[in-house]
Amino acid sequence: MPQKILAGRATDPQLRGDLVQVKVDQVILSRAPSRALAEAIATGMKKTPVEVAVAYDGTCVADASSLADIDEGSPHSVSPEFPTYNIPIARPGIGFPAPVHLERFAAPARLALTDDPRLTTVGGIGMLSLVVSPSQLGQALATGSVWLRPPRSVQIHLSGRVRPFVCARDVALELLRRNLDEVVRRIEGEHHAPVILEFAGPSARLLSVGDRAVLCGIAPQVGAAAALFVSDEKTEVFLRDQRRSKAHRALVPDPGAPCEEVVSIDLGTVDPLLMDEEGVVRPVRDLAGKPVAQVVLGGDSGVTLRDMLAAALLLKSKRVPSRLDLLVAPPSRQVLEVLAQSGALVDLVATGARIVEPDRRVVTSEIYPPPPGSLSLRTADPEPRIAGAPSFVVASAETLAYAVATGAVGDPRSFKRPVRVTVPRALPTDDVLILRDKKGEQVSTKKPPPAPAAVPWKGPLTLDVLAGVPKVNGHAAVGARGRAAPAPVAAAAADQQGQAAPAEGKPAGGVALVLSTLDEVRAVAERATDLSTVRAVVAPFVPSTAVSAFASEGIATFLVGTEALGSIKDQKSVELPAPAQWGDRVAAIFGSERVEVAWLATGMERSWTHAGTVRQPPSAGKPAR
C-alpha cells in the first residue's frame, strides 16, 4: 500500500533509485513550525502549492517563556503570518495535533509529511505520514515535492476478536512485546530503506478508525517510518461522521503484493498489558497491588473516544482516592464536546477528575510530570526513553479506570461486568479554532523569520565526542524546547565527561554524538534543530528516515558495530577526513584508535550533508508532476 501511494505521486512510478521525487498532498507542522516556514520562504515561497498544510500551536498554558518565543520568532513558535502563505493555524485548545488531524484533515491514500513522529497515528485512516526534518518540510511547502527513499513493508496480520476489557492499547503493547523492533532493524540493515508497517487480515477490517490509529502509533517506537491500514467501509463511515465524505478513497493492497515479512497475532489471545517505567511490556497482574499516585487519561495517542466514554462509565459513582490525582486530557475539542453532551464529563468531574488543557507539554511531561518516587499511569505513548527523561507506566484506559477506582494497579477484568458504550454518530465538527486567511485579513506586519545559515563541511574536522543525548539548559533534550539554540553543547559534552570546556576564542569543530539505543537516536532526531553544534551521529542502528533528516541538517550519520561502541564512547575526540575522501566506509580516528565506520547517507543525502542544508536556490524548485 505505501508503494501504491508513492508510485502515483513519483516522477518515477517504478520507484527505482536510492531516492525518488514525489508530490506531497499534506504538510503537518507541529514541533518546529517557524523553522519550516523560514526554510520555505528562503526557497522563494509566496503561497504553498500543497493541497493541505496546517501549523499546530500546541502551547495552551501560556507563560513568560512561551510568549517570548513568539516575540523572538523561536523555531518552535507559531507566528500569525502563517495564513498569509495559505497555511492555516490550529489554535491552542483545539486538541493534540495527531487526533485533531485525524478528525479534520487526514484523508485516505494521500501522502503527508510532518516533523512530529506522533502523527503516524493518521495511518489509521489510510494516510501515509512520513517524518522529515524542518528543512525538508520547507522544501515541500515551497515546491510541493520532496525526495524520499522508497520503503519496504512488514505486514501485521490480525485475526480473532479482542475479549472484554482488552482494547487497542493492549494489542499495541502486545506487538511491542513480540520484538517487532528486531524485525524492523533487520530489514533496515538488509535494504537500507524505511520500513512501513501494514496492518492486514480479517480482524483489521473490524477495527474502528480510532483503534487503527492507536495501533499505528507504535511505529516510531520500533524504528518504523510509518504504519498504514486499508481504507474501506469503516473509513468511509468515519469520514461521513466527520462530514468529510468527499475525502474518501479506497486503498487496499494488490493481490499477491510482496512484503519483507509477516507477523501474525490472534487478538483473542491478548490480555490486559502495560509498559512499565523501564519500557518493558508486562501483564497487568505483574504490578497488581502497587499504589498509584497519578493517572493521566487521554493525551494524543493510545486512547479513543470509545475508551474515554468507557472509563467514565466504569468510574461513575466512584471517588478518587485521597492520594491519587486524576488528570483528564481530552485528545481533541470534538472529544471534549461529546463527553460534555453525553454527561460523561460530569461523571468524571464528580469522580474527582481535573480537566487539563491539550497542551503539547502534557504528553512530554514538561507539565504535570510524574510524582517523584510514585507510580504514574498514562494512556499516551511515551517520548523516547533516555537518561533524565520522566518515566511512567503506559496502559489502557480501562486499566487506568481500575487504578482510579481502587488506588492501585490491577486487572480491569476484576470489574463486575464490561460496560456497553454507544459512540454517537452525530459529532461536532465546528472548526472555529482553525485560523485561515480571509482575503488578507491576517496580513502580519512582522518580518518573516530568517532561515538559519548552512554550515558546510570543509576539509578534515576534529569533533568532541559525547556519549548519549546532550542536555539542553540542564534538562534532557527529549521533549524540551529551549528558547535559544543550545550553542554550548560542546561545553555540556565536556562537563558530562569531566573535561574542561574549550578555551575562549579557540574554534570548536563541533560535537559527535555516540548513541547506543534507538530511543537515543529518536530523541536526537526530534531535536536536531536545537542541537546546533552537533555535526555527526555514530550509532549501531539509525532508521533511514533519521539518516535523511540528519543529512538535511548537515549532520553526518555513521554506523558502527556494537563491539566497537564501548571503546569509542570513552574517547574525547574523533578526527574525520576531508569529505572528498568519504565513501561507503570512512576511516575515523577516535583518540588514537582507527575505526572504520559506514556512512549511511545515500544519493542526494550525501550532497545535503556536505552542503549543510537541503535548501535550493529559489528558482531551482518546481513541483513534481
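Residues numbered from 1 in each chain as written. Predicted model: local features only at pLDDT ≥ 70, side-chain atom pairs only at ≥ 80, totals over all residues. Heavy atoms only, no water.

A separate point is the overall build of the chain. The helix and strand inventory of the chain stands at 20 helices and 28 strands. By the compact-globule yardstick of 25 Å for 625 residues, the chain fits well, its C-alpha radius of gyration being 24 Å. The principal-axis extent of the C-alpha atoms belonging to the chain is close to 70 × 55 × 55 Å. Looking at the chain as a whole, 60% of its 625 residues are labelled buried. Long-range contacts, defined here as pairs at least 24 residues apart, represent 77% of the contacts in the chain between residues at least 6 apart. Counting every atom, the chain has about 24,400 Å² of accessible surface; 51% of that belongs to carbon and sulfur. For the chain, the centre of its 69 positive side-chain charges and the centre of its 66 negative side-chain charges are spaced 5 Å apart. (Helix = DSSP H or I, 4+ residues; strand = E, 2+ residues; numbered from the N terminus. Rg over C-alpha atoms; globule rule 2.2 N^0.38 Å. Buried < 20%, exposed > 50% of the residue type's maximum accessible area, 1.4 Å probe, protein only. Contact = heavy atoms within 4.5 Å. Areas by Shrake-Rupley, 256 points an atom, 1.4 Å probe, with all protein chains shown as cover. Lys, Arg positive; Asp, Glu negative; His and termini not counted. Charge placed at Lys NZ, Arg CZ, Asp CG, Glu CD.)

Time to look at the nonpolar core. Counting 45 residues, the largest nonpolar core has F550, F558 and L576 as its most contacted members. Sequence-distant contacts of L576, that is, excluding residues within four places in its chain, are made with W457, P460, L461, L463, F558, W582, V586 and A588. Formed by 40 residues, the second largest nonpolar core is a distinct cluster that contains V27, A109, L128 and A140. (Core = buried A, V, L, I, M, F, W, Y, C linked by side-chain atoms within 4.5 Å.)

Here the focus is the packing of helix α6 (residues 168-177) against helix α8 (residues 209-216). Close contact between α6 and α8 brings their axes to 9 Å; oriented N to C, the two are set at 25°. With respect to α8, the axis of α6 lies roughly parallel. Here α6 and α8 pass one another in a crossing that is right-handed. Where α6 approaches α8, its residues A168, R169, V171 and A172 are matched on the opposing element by D211, V214 and L215. Residues that form the contact of α6 with α8 fall into these classes: 5 nonpolar, no polar and 2 charged. (Axes fitted to C-alpha atoms, helices over the stretch in contact; angles between N-to-C directions. Parallel < 35°, antiparallel > 145°, perpendicular 65-115°, else oblique. Left-handed = near helix turned anticlockwise from the far one by under 90°. Nonpolar A, V, L, I, M, F, W, Y, C, P; charged D, E, K, R; others polar.)

Another aspect to go through is the sheet that holds strand β6 (residues 128-131). The strand order across the open sheet formed by 6 strands is β6-β5-β2-β3-β4-β19, and the pairing between neighbours is mixed. On the outer flanks of this sheet lie β6 and β19 (434-435), each paired with one strand and no other. Strand direction decides the pairing type here: strand β2 (residues 26-29) and strand β3 (residues 52-56), joined by 4 bridges, are parallel. The partner of L29 across the bridge, within β3, is A55. In the packing of helix α5 (residues 134-143) onto the sheet, the strands contacted are β2, β3 and β5 (111-114), and the crossing angle to β2 comes to about 140°. (Pairing = 2+ DSSP bridges.)

A cluster of nonpolar side chains, L336, V349 and I355, forms an exposed patch at the surface whose accessible area comes to about 210 Å². Following the sequence through the fold, L336 ends up in helix α12 (residues 333-342). (Patch = residues over 30% accessible without salt bridge, like charges linked within 9 Å, V, L, I, M, F, W, Y side chains within 5 Å. Salt bridge = Lys/Arg side-chain N within 4 Å of Asp/Glu carboxyl O.)

Attention now goes to the pattern of salt bridges. Taken as a whole, this structure holds 36 salt bridges when the rule is applied. In this structure, R354 engages D325 in a salt bridge whose closest nitrogen and oxygen atoms are separated by 3.9 Å. Of the two residues, R354 is situated in strand β16 (residues 354-355) and D325 in strand β15 (residues 325-329); the sequence distance between them amounts to 29 residues. Residue classification places R354 among the partly exposed positions, given a relative accessible area of 40%. The structure contains a network of salt bridges with shared partners spanning R31, D116, R118, D300, E383 and E526.

Across the 9 residues of helix α18 (residues 544-552), 8 count as buried, placing the element largely inside the fold. Those residues of α18 that fall on the buried side of the exposure criterion are S544, A546, V547, S548, A549, F550, A551 and S552. Buried positions along α18 lie against α5, α7 (180-191), α17 (518-526), β24 (534-539), β25 (556-559) and α20 (604-611). G554 lies just past α18 and shows a positive phi near 80°.

Residue placement: E398 occurs in helix α15 (residues 397-406). If near-sequence neighbours (up to four positions away) are discounted, E398 is found in contact with F165, V166, R306, A310, L314, P412 and F415.

Turning our eyes to something else, we now look at the confidence of the model for the chain. Parts of the prediction with low pLDDT should not have their coordinates interpreted in detail. In this model, the chain carries a mean pLDDT of 88, and residues with pLDDT of at least 70 account for 91%. Note on residues 480-507: pLDDT under 50 across the span, and 48 contacts to partners over four residues away in sequence or across chains. (pLDDT = per-residue confidence, 0-100.)

Relative to β25, β24 is paired through 4 bridges, and the arrangement is parallel. By the bridge assignment, A536 is partnered in β25 with A556. The β-α-β motif built from β24, the intervening α18 and the parallel element β25 has right-handed crossover chirality. (Right-handed = clockwise from strand over helix to strand, strands pointing away.)

What follows is about the environment of P321. With respect to the element layout, P321 can be found in the loop between α11 (305-314) and β15. By relative accessible area, which is 24% here, P321 ends up partly exposed. Each C-alpha atom of the pair P321 and V404 lies 7.1 Å from the other, and the pair is 83 residues apart in sequence. Discounting residues that sit within four places of it in the chain, P321 has contacts with V404, T406 and G407.

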